[in-house]
Amino acid sequence: MDLAYSEEERDFRARLREWLAKVLPELPPRPSPDDWPGRRAYDLGWQRRLYDAGYAGLHWPVDAGGRGATPTQHLIFLEETERAGAPYVGANFVGLLHAGPTIAAEGTPEQRARWLPPVLRGDEVWCQGFSEPGAGSDLASLRTRAVRDGDAYVVTGSKIWTSHAEVADWCELLVRTDPAAPKHRGITWLAMPMDAPGVTVRPLRTLAGSAEFAEVFLDEVRVPAANRVGAENDGWRVTMVTLSFERGTAFVGEVVACRRTLGELARAAKANGRWDDPVLRRRLGRLYGEFGALWRLTQWNVSEAQGSGGVPGTGGSVFKLAYSHARQELYEAAAEVLGAQSLSLEEEWTAQRLSSLSYTIAAGTSQIQHNIVAERILGLPKGR
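As the structure is a computational prediction, the values presented were derived from the model and not from experiment.

Another aspect to go through is the packing of helix H2 (residues 36–53) against helix H5 (residues 109–121). Each pair of packed helices can be summarised by the angle the axes make with each other and by the distance between the axes. Running from amino to carboxyl end, H2 crosses H5 at an angle of 105 degrees, the nearest separation of the two axes being 7 Å. Relative to H5, H2 is oriented roughly perpendicular. Only Val119, Leu120 and Arg121 of H5 make contact with H2, whose side of the interface consists of Gln47, Arg48 and Tyr51. Considering only residue class, the contact of H2 with H5 consists of 3 nonpolar, 1 polar and 2 charged.

Another aspect to go through is the confidence of the model for the chain. Averaged over the chain, the pLDDT score is 84; the fraction of residues at 70 or greater is 80%. Mean pLDDT across the elements of the chain bottoms out in helix H11 (residues 366–377) (63) and peaks in strand E3 (residues 152–159) (98).

The next thing to look at is the packing of aromatic side chains. One pass over the full model with this rule turns up 8 aromatic pairs. Ring centres of Trp126 and Trp170 lie 5.9 Å apart, and the angle between their planes is 25 degrees; this geometry places the pair in the stacked category. In this pair, Trp126 is assigned in strand E1 (residues 126–129) and Trp170 in strand E4 (residues 170–176), connecting sequence segments 44 residues apart. Trp170 carries the same exposure label as Trp126, and that label is buried.

Between helix H1 (residues 7–23) and helix H3 (residues 71–83), whose axes approach to 10 Å, the crossing angle comes to 30 degrees. Here H1 is positioned roughly parallel relative to H3, judged by the angle of their axes. Crossing geometry of H1 relative to H3 is assigned as right-handed. Where H1 abuts H3, its residues Glu8, Glu9, Phe12, Arg13, Leu16, Arg17 and Leu20 lie against Thr72, Gln73, Ile76, Phe77, Glu79, Glu80, Thr81 and Arg83.

Next up on the list: unusual backbone geometry. Glycine aside, the phi torsion of most residues is negative, and most peptide linkages are trans. The backbone of Trp161 sits at a positive phi, close to 60 degrees, despite the residue not being glycine. Within the secondary structure layout, Trp161 lies in the loop between E3 and E4. In this structure, His164 takes a positive phi of about 60 degrees despite not being glycine. Within the secondary structure layout, His164 lies in the loop between E3 and E4. Classification of His164 as buried rests on a relative accessible area of 6%.

Moving on, we get to helix H4 (residues 93–106). With 14 residues, H4 should cover 20 Å at 1.5 Å per step; its first-to-last C-alpha distance of 19 Å lies within 8% of that length. Largest kink in H4: about 40 degrees, centred on Ala99, with the proline Pro101 one to four residues after it. Most of H4 sits out of view: 11 of its 14 residues are buried. Every buried residue of H4 is accounted for by Val94, Gly95, Leu96, Leu97, His98, Ala99, Gly100, Pro101, Thr102, Ile103 and Ala104.

Okay, the nonpolar core next. If you look at the biggest cluster of nonpolar residues, it comprises 67 residues, and the most contacted ones within it are Trp19, Trp46, Tyr55, Phe77, Trp126, Trp189 and Phe291. If one sorts the elements of this core by residue count, helix H9 (residues 315–338) sits on top with 9 residues. Counting residues in each nonpolar core, the second largest holds 26 residues, with Ala146, Val167, Leu190 and Leu218 among its members.

Scanning all chains against the criterion turns up 26 salt bridges. Salt-bridge contacts for Arg13 lead to Glu79; the nearest nitrogen and oxygen are separated by 3.4 Å. Pair noted here: Arg13 is in helix H1 and Glu79 is in helix H3, with a separation of 66 residues, a long-range link. One salt bridge in this structure joins Glu264 and Arg260, with 3.1 Å as the shortest N-O distance. Taken together, the residues span about one helical turn, with Glu264 and Arg260 both in helix H7 (residues 252–272) at a distance of 4 residues. Glu264 gets classed as partly exposed once you look at its relative accessible area, which sits at 29%.

A few words now on H5. Given a rise of 1.5 Å per residue, 13 residues ought to cover 18 Å, and the 18 Å separating the end C-alpha atoms of H5 matches this to within 8%. At Trp115, H5 shows its largest bend, some 25 degrees, and a proline, Pro117, comes one to four positions later. Gln111, Arg112, Trp115, Leu116, Pro118, Val119 and Leu120 are the residues of H5 that are buried. Among the structural elements, H2, H4, E1, E4, strand E5 (187–193) and strand E8 (228–229) are those in contact with the buried residues of H5. Gly122 lies just past H5 and shows a positive phi near 80 degrees.

Burial of the side chains of E1 extends over both faces: Trp126 and Gln128 are buried on one face and Cys127 and Gly129 on the other. Strand direction decides the pairing type here: E1 and E4, joined by 4 bridges, are parallel. Residue pairing for E4: Cys127 is matched across the bridge by Cys171.

Each value, and the rule that gives it
Residues numbered from 1 in each chain as written. Predicted model: local features only at pLDDT ≥ 70, side-chain atom pairs only at ≥ 80, totals over all residues. Heavy atoms only, no water. Axes fitted to C-alpha atoms, helices over the stretch in contact; angles between N-to-C directions. Helix = DSSP H or I, 4+ residues; strand = E, 2+ residues; numbered from the N terminus. Parallel < 35°, antiparallel > 145°, perpendicular 65-115°, else oblique. Contact = heavy atoms within 4.5 Å. Nonpolar A, V, L, I, M, F, W, Y, C, P; charged D, E, K, R; others polar. pLDDT = per-residue confidence, 0-100. Phe/Tyr/Trp six-rings, centres within 6.5 Å; stacked < 30°, edge-to-face > 60°. Buried < 20%, exposed > 50% of the residue type's maximum accessible area, 1.4 Å probe, protein only. Left-handed = near helix turned anticlockwise from the far one by under 90°. Expected span 1.5 Å × (residues − 1). Bend = angle between axes of the 7 residues up to and from the residue. Core = buried A, V, L, I, M, F, W, Y, C linked by side-chain atoms within 4.5 Å. Salt bridge = Lys/Arg side-chain N within 4 Å of Asp/Glu carboxyl O. Pairing = 2+ DSSP bridges.

Printed below as a string of structure tokens:
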């Protein structure tokens, strides 16, 4: 991996900075955190601006509607948009970071043509229907059933922690199509329309007071067989593609945000006198080194994904494991620096600290990531 910037990449950064400086002041005010229809409209409006300017799906393959940018250009884009305070993918993160890349890698030409352009244009939102009340960390034990009936699957079951289900048009859904098969087999990946009869969404309120997750109940929902991505009963392999994106490249923008947050903490500590504490300075310095290393690991993972046809490798589990814990410690340090200010629910610091608690669970628990690293990278035997 060459970490030096070429002339073309420096020009790309300059043009992006110029565009961001022009377009960001034109954005409308951000909606209230509780206004999900407003947040959907705001997030998709930003996505449409990216699309019109040629920045949507920057690193996606050209034949999937993207620009086929180099890994370095992709990282430059993430750096510059975060530093400029541009909106994040928001309500469409499942479509842009999980479902879309999976369909680009595994979908048929017809599926790619149907689902990828609306994601890139900001026309449709996806949610993720993977976890179930009895199948969280052990995702392969899912029990939502899908029975083939002519040209459709009839789906019955429930999902939990379904991100943005309350505003989604589509759901990347895992179902069991062969209950007699071993649990890692007999699973199928479907694209389910959220407005189909039999779909009930019940929002879940988090510790931080937000409701970006939901329970989803499925009562004999008919999903066209044409909406199956990959072969029937091959859904576990397709799911590993999805999870490789979720763990390998979906968090890269957040690493930039954490590095910026760390700088803000250092300035706050200098302003309120906490900087005089050598233990705190060492803690912030160590975090600075950890996030610097995570950024280099991000560069490596993105480069590896580019070399393997766009699908991240198992190194994503190393990143996700380290990042989850570093983010939690970052906001613990924030509480130490800010004191009582970090306890107010009106403060963004508080919301971020509460959110950080979920990172060792979301996208696969830290325990699962330890197992993946041990078995697939270090070659250790499976535990009994």
